[in-house]
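A closer look at the structure
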Amino acid sequence: MTRDMSYDAVMARKNEIMKASLGIDYDDFEQSPIAFDYERMMAGGDFTLEDIARIQAETKVGNTPLYELTNLTEAVREFAGPGRGATILLKDEAANASGSFKARRASVSCYEARRRGYEGVATATSGNYGAAVASQAAMRRLRCIVLQEVFDSRGVGQPEIVEKSRACEAYGAEVQKLSVGPELFYQMLVTLETTGFFNASLYTPFGIRGVETLGAEIGTQVRERYGKDPEAVVVTQAGGGNLTGTARGLRLVGCEDTEIVACSVDLSGLHMGSDTDFNRKSFTTGHTGFGIPFATWPDRTDVPRNAARSLRYMDSYHLVTQGEVFYITELLTKLEGIERGPAGNTSVTAAVALAAQMDRDDLVVVQETEYTGAGKHHNRQLSFARENGIEVRVGDPRENVPGEVIVLPERLDQVAGRPQDLEAVRRSYVKNALRRLPAQEWSENDVAFVAADTHTDEAWVRAALADLAGTPAAGDARTTTPDTHPHARGDANGTSTTGSPR
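As the structure is a computational prediction, the values presented were derived from the model and not from experiment.

A separate point is the pattern of salt bridges. Under the definition given, this model contains 41 salt bridges. Across the salt bridge formed by Arg-248 and Glu-212, the nearest N and O atoms sit 2.8 Å from each other. Here the residue Arg-248 occupies a position in helix α11 (residues 241-252), and Glu-212 occupies one in helix α10 (residues 205-226), the gap between them amounting to 36 residues. Residue classification places Glu-212 among the buried positions, given a relative accessible area of 1%. Here Arg-427 and Asp-467 are joined by a salt bridge, their closest N and O atoms 2.6 Å apart. Taken as a pair, Arg-427 in helix α17 (residues 422-436) and Asp-467 in helix α19 (residues 458-468) lie far apart in primary sequence, 40 residues in all.

This is the structure we're talking about:
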């Protein structure tokens, strides 16, 4: 019997398809439209941290170097003032197979796919994760399909995404190249159903547990070298898996007091689902177009419940401009002799701003880097911006306008960014929760779950409920407040119907 492959029919079968492609029955963890048993879901598979480290070592992942950025630290101290200028450390994740921390996420998924007898893996991503899955699949002797949003309606591809297509193909993957639009999630479901492949989603417990080794390595390496835990670890925030896994790993090795700082490139005003905006953003990952909405409601992904829950773990959130990141990318090359991709350098940029305000005895860790190359290189990204009518100039980075003007700083002391209001982000989360369950129907368990998910307490949640009940949750996607930030599109259940953090 031929199955109905229309959009509506496939979307109606999405839970069935997901269960078959993951071996996870999310219904087992459901407690309400809001709450689920997060820790029990994360414990599935019975992997210890040591197990994951062993799995990753089999496929050239993990134990990456931790560098002290001595020249960059000294440059910050020149303007930071007496007693200021924390030591900046960098965890060089470009040393992983495939060149980014995403190899950690892909390693566990591909291991699990092979262990369960799947013939191949599939994933929807336009960034480093696709290359990571393709690389890990090659070593596990699995077939691999990567779905990517590459082109706008003119057929023009963003240089970084085009390069990632080449990388995926070099590792032996089949790459399905799509235009930006609502068909990505649908096409992913069709691929999973017709191939019977394992769903190597970014947002499963396998992917997040794979990043725990990164946090654990940071804690252990810093403690062994400096005799104390880092005061702060800066993590690029997009879909949330990077921050979630790193924070969990730090906790596993006892770094309870280390501040977890999220950071994103500020792309306020650009809509991630817009064909016209698609090639007007110079960053395909690590930006607010994903960072804000995934913090304010994680369950907008290609799985029913997202294992990446960044707001649960972040202590502060810092935004930087495009120009500041491009400036730091070149400065890192000139001062430290290592060339890394701009998206990964988002966290370096925030670390510079934070280090200038911290004590000299403090340690701030840049949690990851990524490889760079022809399409990912900052010079190519700036050239592409100009080709799309965006002005690029040197001046005050506060004059940066996403999609219109990229302003490169004149001096290092201009690299400051700005803090994101976490209180507003948390309130936006509660508004989104109220869309799914009216306040009068919340149980004590719902309140406790939201308190954990917003990194607050039950008294804060009850106060927010009293204040926000009946308030609309989301408005026009082009506004710049946390409640209505441009975001990956979602259906009524919060599941992404297209788009994926890169």
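Moving on to the packing of helix α13 (residues 288-296) against α17. Interaxial distance between α13 and α17 falls to 8 Å at its minimum, and their mutual angle equals 60°. As judged from the angle between their axes, α13 and α17 are oblique. Side by side, α13 and α17 meet where Ile-292, Ala-295 and Thr-296 of the first sit next to Val-425, Ser-428, Tyr-429 and Asn-432 of the second. Counted by class, the contact of α13 with α17 contains 4 nonpolar, 3 polar and no charged residues.

This paragraph deals with the packing of aromatic side chains. By convention here, two paired aromatic rings are described through the distance between centres and the angle between planes. Scanning all chains against the criterion turns up 10 aromatic pairs. Judged by centre distance (5.4 Å) and plane angle (55°), the ring pair of Phe-36 and Phe-449 falls under tilted. On the criterion of sequence distance, the pair formed by Phe-36 in the loop between α2 (14-22) and α3 (38-42) and Phe-449 in helix α18 (residues 444-453) is long-range, its members being 413 residues apart. Ring centres 6.3 Å apart and planes at 55° place the aromatic pair Phe-290 and Phe-294 in the tilted group. In this pair, Phe-290 and Phe-294 are both assigned in helix α13, 4 residues apart and thus about one turn of the helix distant. Aromatic ring contacts, followed pair by pair, group Phe-36, Tyr-38 and Phe-449 into a single cluster. Directly above the ring of Tyr-203 sits Arg-105, whose terminal nitrogen or CZ lies 6.0 Å from the centroid. For Arg-312, the ring lying beneath its charged end belongs to Phe-449, and the centroid distance is 5.4 Å.

What follows is about the packing of α10 against α11. The N-to-C vectors of α10 and α11 enclose an angle of 50°; their axes lie 6 Å apart at closest approach. Relative to α11, α10 is oriented oblique. Of the two elements, α10 crosses α11, and the hand of that crossing is right-handed. Facing α10, whose interface residues are Ile-208, Arg-209, Val-211, Glu-212, Leu-214, Gly-215, Ala-216, Ile-218 and Gly-219, α11 presents Gly-241, Asn-242, Thr-244, Gly-245, Thr-246, Arg-248, Gly-249, Leu-250 and Leu-252. Residue composition of the contact of α10 with α11, by class: 7 nonpolar, 8 polar and 3 charged.

With mixed pairing, 7 strands are arranged side by side in an open sheet as β1-β2-β10-β7-β8-β9-β13. Across the chains shown, the open sheet's two edge strands, defined by having one partner strand only, are β1 (66-68) and β13 (418-419). The pairing of strand β7 (residues 232-236) with strand β8 (residues 259-265) spans 5 bridges and is classified as parallel. Pairing of Ala-232 across the sheet is with Glu-259, part of β8. Contacting β7 and β8, α11 crosses the sheet at an angle of about 155° to β7.

Time to look at the environment of Thr-454. Inspection of the secondary structure puts Thr-454 in the loop between α18 and α19. Through-space distance from the C-alpha of Thr-454 to that of Ala-200 is 27 Å; in sequence the pair is 254 residues apart. Setting aside chain neighbours within four positions, we find Thr-454 in contact with Leu-311, Arg-426, Tyr-429, Trp-460 and Val-461. Within polar-contact distance, the side chain of Thr-454 engages the backbone oxygen of Ala-451 at 3.4 Å.

Time to look at the sheet that holds strand β6 (residues 198-199). Strand order in the open sheet formed by 4 strands is β5-β4-β3-β6, with parallel pairing between adjacent strands. The open sheet has two edge strands, β5 (174-179) and β6, and neither has a second partner. Bridge analysis of strand β3 (residues 120-124) against strand β4 (residues 143-151) gives 5 bridges, and the strand direction is parallel. The partner of Val-121 across the bridge, within β4, is Cys-144.

By the secondary structure assignment, Asn-279 is in the loop between α12 (275-278) and α13. For Asn-279, a relative accessible area of 3% translates into the label buried. Looking at Asn-279, its side chain comes within polar contact range of the main-chain oxygen of Val-156, at 3.1 Å. Apart from residues no more than four positions distant in its own chain, Asn-279 is found in contact with Asp-152, Arg-154, Val-156, Gly-157, Gln-158, Phe-384 and Asn-388.

Conventions and cut-offs
Residues numbered from 1 in each chain as written. Predicted model: local features only at pLDDT ≥ 70, side-chain atom pairs only at ≥ 80, totals over all residues. Heavy atoms only, no water. Salt bridge = Lys/Arg side-chain N within 4 Å of Asp/Glu carboxyl O. Helix = DSSP H or I, 4+ residues; strand = E, 2+ residues; numbered from the N terminus. Buried < 20%, exposed > 50% of the residue type's maximum accessible area, 1.4 Å probe, protein only. Axes fitted to C-alpha atoms, helices over the stretch in contact; angles between N-to-C directions. Parallel < 35°, antiparallel > 145°, perpendicular 65-115°, else oblique. Contact = heavy atoms within 4.5 Å. Nonpolar A, V, L, I, M, F, W, Y, C, P; charged D, E, K, R; others polar. Phe/Tyr/Trp six-rings, centres within 6.5 Å; stacked < 30°, edge-to-face > 60°. Lys NZ or Arg CZ within 6 Å of the ring centre and 35° of its normal. Left-handed = near helix turned anticlockwise from the far one by under 90°. Pairing = 2+ DSSP bridges. Polar contact = N/O pair within 3.5 Å; in protein donor to acceptor, adjacent residues only side chain to side chain.

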